[in-house]
Amino acid sequence: MTDSNFTRRGLRSQGFRGKAVFGLSILALSLPLTTMTVTAFAPAGAHAQIFDDEDDKEIPGQQPTDNTVWDAKKLQKLDRNVRKLERAVSRVENKKGAPPILIEPDPEVVALQATVDNQARKLDQQAGSITTLIGQVEELQHQNQQLLQQINNQNARMDTLTKRADLADAHIKDLDAQLAPPPPPPASTGSAQGDFDQAFNLMSSGQTDEAGRAFEAFTTTYPQSAQTPEAWFRLGQVRAIKGDPSGAVSAFATSLKGWPKTSWAPEATVRLAQALNDSNRPADVCASLTQFDKVYAKLATNEMRNQAKVLKDKNRCGAV
């Protein structure tokens, strides 16, 4: 063998080794991915048809060189595997009506996706529950407002009924007071003078009710007493103070029977005329004042004479 032949053969051997190493690296990187992809995507029924015996045949004329037997065999095996995969993929892609390539999912991804789906369903259920609760709360709020309105109406009605009950109670108390018998007069002192002084003191202290009962009791107990006419006069005063003009007329008229010449008689005559005026009896007013002028004008005080004149003018009484 010449040097040139040896040189060319060495170069070819080195070139082949370079190509083998480069191809081996590429196949070493691509083989696991390609194998996994085909295993995952290829249909189960097509597994038996992907590879055949033809793919395992040796390449004719490809003989390993000395010192590279193991590398050449490995490269040849890898090359066959690559060609097998390429033909299998080509068959699957070119076959019409072939079953779809199934991709085997990652178990962790599947588990995570299931967890996400479960959580999504729970969220949907919770959202539905929240919507239902919101509706129930709104309904309860509406019912609460209605109940509050009813309570307010009932309170207003109770207030009205309470006021009416209070008025009725006050009216009943007034009726009871009117229908109740009058309280008894003060206890008698045992003498006409003592009972008269007791009644007069009650009137002087402003206890008109007690004074009126005391004077009435005196006129009944001591009808023939010398102080009985004055007791009727004082009783007329009490009744006039209490706004009872008719009762006052009766008491004053009784005290003036016989037209007594006492110190209180002129005042009693003018008070009688005033009570008759309050009772709207003008003719009787003038008759009383005429008697005043005849019997008591000279004995009366200036105050009584002035009041008599006012009553005359008011009732248009003529001059005597």
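Residues numbered from 1 in each chain as written. Predicted model: local features only at pLDDT ≥ 70, side-chain atom pairs only at ≥ 80, totals over all residues. Heavy atoms only, no water.

Visitor: Lay out the overall build of the protein chain with the relevant residues and their values.
Guide: In terms of helices and strands, the protein chain carries 11 helices and zero strands. Counted from the first residue to the last, the protein chain has its helices and strands arranged as α-α-α-α-α-α-α-α-α-α-α. Within the protein chain, buried positions represent 25% of all 320 residues. Long-range pairs, those at least 24 residues apart, make up 56% of the contacts in the protein chain with a sequence separation of at least 6. Element-wise, carbon and sulfur atoms account for 57% of the exposed surface of the protein chain, whose accessible area totals about 22,500 Å². (Helix = DSSP H or I, 4+ residues; strand = E, 2+ residues; numbered from the N terminus. Buried < 20%, exposed > 50% of the residue type's maximum accessible area, 1.4 Å probe, protein only. Contact = heavy atoms within 4.5 Å. Areas by Shrake-Rupley, 256 points an atom, 1.4 Å probe, with all protein chains shown as cover.)

Visitor: Which residues make up the packing of aromatic side chains, and what values do they have?
Guide: Applying the stated criterion across every chain yields a total of seven aromatic pairs. Summarising the aromatic geometry, the rings of Phe-196 and Phe-200 are spaced 6.5 Å apart at their centres and angled 15° between planes, so their arrangement reads as stacked. Here Phe-200 and Phe-196 lie together in helix α5 (residues 192-204), a separation of four residues that amounts to about one turn. The class for Phe-196 is buried, based on a relative accessible area of 6%. The class of Phe-200 is partly exposed, set by a relative accessible area of 29%. Ring geometry for Phe-196 against Phe-218: centres 5.8 Å apart, planes inclined by 65°, an arrangement best described as edge-to-face. (Phe/Tyr/Trp six-rings, centres within 6.5 Å; stacked < 30°, edge-to-face > 60°.)

Visitor: So what's going on with the state of the cysteines? Which residues, and what values?
Guide: Counted by the stated rule, this structure contains one disulfide. With its sulfur 1.9 Å from that of its partner, Cys-286 forms a disulfide with Cys-317. Handedness here is read from the sign of the S-S torsion; for Cys-286 and Cys-317, about -85°, the answer is left-handed. One end of the pair, Cys-286, is in helix α10 (residues 282-296); the other, Cys-317, is in the segment after α11 (302-315), and 31 residues separate them in sequence. Across this residue pair, the class does not change: Cys-286 and Cys-317 are buried. (Disulfide = S-S within 2.5 Å.)

Visitor: I'd love a proper account of the pattern of salt bridges, names of residues and values included.
Guide: All chains considered together, the criterion is met by nine salt bridges. Asp-313 serves as the salt-bridge partner of Lys-309, at 3.2 Å between the closest nitrogen and oxygen. In this pair, Lys-309 and Asp-313 are both assigned in helix α11, four residues apart and thus about one turn of the helix distant. On the basis of relative accessible area, Lys-309 is assigned to the exposed category, the value being 52%. (Salt bridge = Lys/Arg side-chain N within 4 Å of Asp/Glu carboxyl O.)

Visitor: So what's going on with the packing of helix α6 (residues 208-221) against helix α7 (residues 228-241)? Residues and values would help.
Guide: For any two helices packed against each other, the geometry comes down to the angle between their axes and how far apart the axes lie. Put simply, α6 and α7 touch, their axes get as near as 9 Å, and they point 150° apart. As far as their axial angle goes, α7 and α6 are roughly antiparallel. Regarding α6 and α7, the two cross each other, and that crossing is left-handed. Touching Thr-208, Ala-211, Gly-212, Phe-215, Glu-216, Phe-218 and Thr-219 of α6 are Thr-228, Ala-231, Trp-232, Arg-234, Leu-235, Val-238, Arg-239 and Ile-241, all from α7. When grouped by side-chain class, the residues that make up the contact of α6 with α7 number eight nonpolar, four polar and three charged. (Axes fitted to C-alpha atoms, helices over the stretch in contact; angles between N-to-C directions. Parallel < 35°, antiparallel > 145°, perpendicular 65-115°, else oblique. Left-handed = near helix turned anticlockwise from the far one by under 90°. Nonpolar A, V, L, I, M, F, W, Y, C, P; charged D, E, K, R; others polar.)

Visitor: Tell me about α6, and name the residues and values.
Guide: Given a rise of 1.5 Å per residue, 14 residues ought to cover 20 Å, and the 19 Å separating the end C-alpha atoms of α6 matches this to within 8%. Of the positions making up α6, those classed as buried are Thr-208, Ala-211, Gly-212, Ala-214, Phe-215, Phe-218 and Thr-219. Taken down its axis, α6 places every buried residue within 165° of arc, on the same side. Buried residues in α6 make contact with α5 and α7. (Expected span 1.5 Å × (residues − 1). Arc of directions from axis to C-beta.)

Visitor: I'd like a description of α11, backed by residues and values.
Guide: Between its first and last C-alpha atoms α11 spans 20 Å; for 14 residues at 1.5 Å apiece the expected length is 20 Å, and the two agree. Three or more residues of α11 are buried, namely Met-304, Ala-308, Leu-311 and Asn-315. The buried residues of α11 occupy an angular sector of 65° when the element is viewed end-on, so they sit on one face. Across α11 from its buried face, at more than 90 degrees, point the exposed residues Asn-302, Glu-303, Asn-306, Lys-309, Val-310 and Asp-313. On its buried side, α11 packs onto α9 (265-278) and α10. Of the residues flanking the end of α11, it is Arg-316, one or two places downstream, whose phi is positive at about 55°.

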